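# Structural characterization, general
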Amino acid sequence: MKQVVILNSHPIQYFSPLYKQMTDSDLQLSVCYCSDESIKGKFDRGFGKEVKWNIPLVDGYHAVFLKNHSWKPSIHNGFFGLFNPGIISFLQKQQKSIVVIHGWAYCTHILAIVFAKLFGHTVCLRSETPLNQEKMKPRITTFLKHIYLRALFLFVDRFLYIGKQNKLFYKSLGIKESKLVFTPYAVDNKRFRIIYETTSIQQAREILKLPGNKKIILYSGKFISKKRPLDLIKAFHQSLEDNAILVMTGEGALREEMETYIYKNDLGKQIILTGFINQAEIPLYYRAADIFVMCSGLGETWGLSVNEAMNFGLPVIVSDTCGCAYDLIRDNINGAVFETGNISQLVNLLHEFLHLTPERKTSAFNNSLSIIDEYSYDHIISSIQSL
């Protein structure tokens, strides 16, 4: 049985079901956390409120919480916000293991990468960085960062890339193909499929008190600049689609600006801002929708909400900055990709996808389900088992 150690900053709702499934397979797993903020429920800067997830985050697998000795302890306080020297003794006591470290953002990540290598473990790095977004950053910033990463990467045995742009990022830094392993970014497909298979669109809309006679465009995410929610509001306003409503699940700093735009343009009956929706309830919104849109800009390294939407067969419209745009979306097959910030292009796509012929709608539905099946926990586990 292979020994696997995973280091995460804190329990994450997308990863916890994966770790349970890994434990149920033939992997002996330990997950080390540097913080328990997401379990206790703390103020989330993006949502602008205290958030505590309502699905289990540490059930069904072996979780270890390392003491954080930082003088400013928090996942929101930069590199030294997580300083957990206990990871060194933990790794020293382990049998030879596959050690997966999620990124290099914190001091503890660097300790884990260096000491796991020194103790003879197989060091695997899994990050989200897409090459297309690296090219958008100041050259001097990326130049200095890449010097640092090239040195750090000398301690890494395998690079677990999540998608095409992430792979290109590693290759741009000279990582050989033989060291690259595809571990796709995925959500708990099974959990979402259960809702899809057991709940009809009409039932979902009745539960959520959404109109049954309108087409629904869905946005799911924080109301923050990175997500560009006002782009979608403006595009919907310009589309003049009387038989459609826009449902935006989420919360954040831009809410007041969004509400002001909606009020000034008399869109209160056509645009619904739901507020924060927790993980247990969010599948019903996907089931109720006709189209899903993500219009994010720089900083959206992937966009897991797109994975979630595709588990309901939804056509997806995604901006070209999002990392997932290069993996999950096939133009005119299951959705479309538009230029980030191009409102007029988004207007045209909204009109096109709200008026799909029955044949194209069925095709997009089947293709979304087929594509997302390849981005699963099963694929991740298989890749790790092969190391």
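Scroll up to find the structure.
What you see is a predicted model, and the numbers here were worked out from it, not measured in a lab. (Residues numbered from 1 in each chain as written. Predicted model: local features only at pLDDT ≥ 70, side-chain atom pairs only at ≥ 80, totals over all residues. Heavy atoms only, no water.)

To continue, consider the sheet that holds strand β8 (residues 158-161). Reading across the sheet, the seven strands line up as β5-β2-β1-β6-β7-β8-β9 and stay open at both edges, with parallel pairing between neighbours. Looking at which strands have only one partner, the edges of the open sheet turn out to be β5 (62-65) and β9 (180-182). The average angle at which neighbouring strand axes cross in this sheet is 25°, direction not considered. As paired strands, strand β7 (residues 122-126) and β8 are joined by two bridges and run parallel to one another. Bridge assignment links cysteine 124 to a residue of β8, and that residue is arginine 158. The strands touched by helix α4 (residues 107-118) are β1 (2-8), β6 (98-102) and β7; relative to β6, the strand with the most contacts, the crossing angle is about 160°. (Pairing = 2+ DSSP bridges. Helix = DSSP H or I, 4+ residues; strand = E, 2+ residues; numbered from the N terminus. Axes fitted to C-alpha atoms, helices over the stretch in contact; angles between N-to-C directions. Contact = heavy atoms within 4.5 Å.)

Attention now moves to the side chain of aspartate 290. Mapped onto the fold, aspartate 290 is located in the loop between α12 (282-288) and β13 (291-294). Here arginine 205 takes part through its side chain, which lies 2.8 Å from a polar atom of the side chain of aspartate 290. At 2.7 Å, the side chain of aspartate 290 and the backbone nitrogen of isoleucine 216 are in polar contact. If we skip the residues at most four places from it in the chain, aspartate 290 touches Arg205, Lys214, Lys215, Ile216, Leu314, Pro315 and Lys361. (Polar contact = N/O pair within 3.5 Å; in protein donor to acceptor, adjacent residues only side chain to side chain.)

Next up on the list: the packing of aromatic side chains. Applying the stated rule across the entire model yields 24 aromatic pairs. Ring geometry for tyrosine 33 versus phenylalanine 65: centroids 5.3 Å apart, planes at 35°, classification tilted. In this pair, tyrosine 33 is assigned in strand β2 (residues 27-33) and phenylalanine 65 in strand β5, connecting sequence segments 32 residues apart. What makes tyrosine 33 buried here is its relative accessible area of 0%. Using a relative accessible area of 39% as the deciding quantity, one classes phenylalanine 65 as partly exposed. Relative to phenylalanine 292, the ring of tyrosine 286 lies with its centre 5.9 Å away and its plane at 50°, an arrangement referred to as tilted. The buried category is assigned to phenylalanine 292, whose relative accessible area is 0%. Following the ring pairs from residue to residue traces out a cluster consisting of Phe15, Tyr19, Tyr61, Tyr161, Phe182, Tyr185, Trp302 and Tyr375. The cationic tip of arginine 360 hangs over the ring face of phenylalanine 353; the distance from NZ or CZ to the ring centre is 5.7 Å. (Phe/Tyr/Trp six-rings, centres within 6.5 Å; stacked < 30°, edge-to-face > 60°. Buried < 20%, exposed > 50% of the residue type's maximum accessible area, 1.4 Å probe, protein only. Lys NZ or Arg CZ within 6 Å of the ring centre and 35° of its normal.)

Between the first and last C-alpha of helix α14 (residues 343-354) there are 16 Å, a value that for twelve residues agrees with the 16 Å anticipated at 1.5 Å per step. Ile343, Leu346, Val347, Leu349, Leu350, Phe353 and Leu354 are the residues of α14 that are buried. Seen from one end, α14 has its buried residues packed into an arc of 170°, which puts them on one side. (Expected span 1.5 Å × (residues − 1). Arc of directions from axis to C-beta.)

The element β7 is extensively covered by neighbouring structure, given that four of its five residues are classed as buried. Of the crossover connections in this fold, the one passing from β6 over α4 to the parallel β7 is right-handed. (Right-handed = clockwise from strand over helix to strand, strands pointing away.)

A few words now on the sheet that holds strand β11 (residues 244-249). With parallel pairing, six strands are arranged side by side in an open sheet as β12-β11-β10-β13-β14-β15. What marks the edges here is a single partner per strand, and that holds for β12 (271-275) and β15 (335-338). Strand-to-strand twist in this sheet, taken as the mean axis angle between neighbours without regard to direction, amounts to 20°. Pairing geometry for strand β14 (residues 316-319) and β15, over four bridges, is parallel. Note on β15: the bridge partner recorded for serine 319 is phenylalanine 338.

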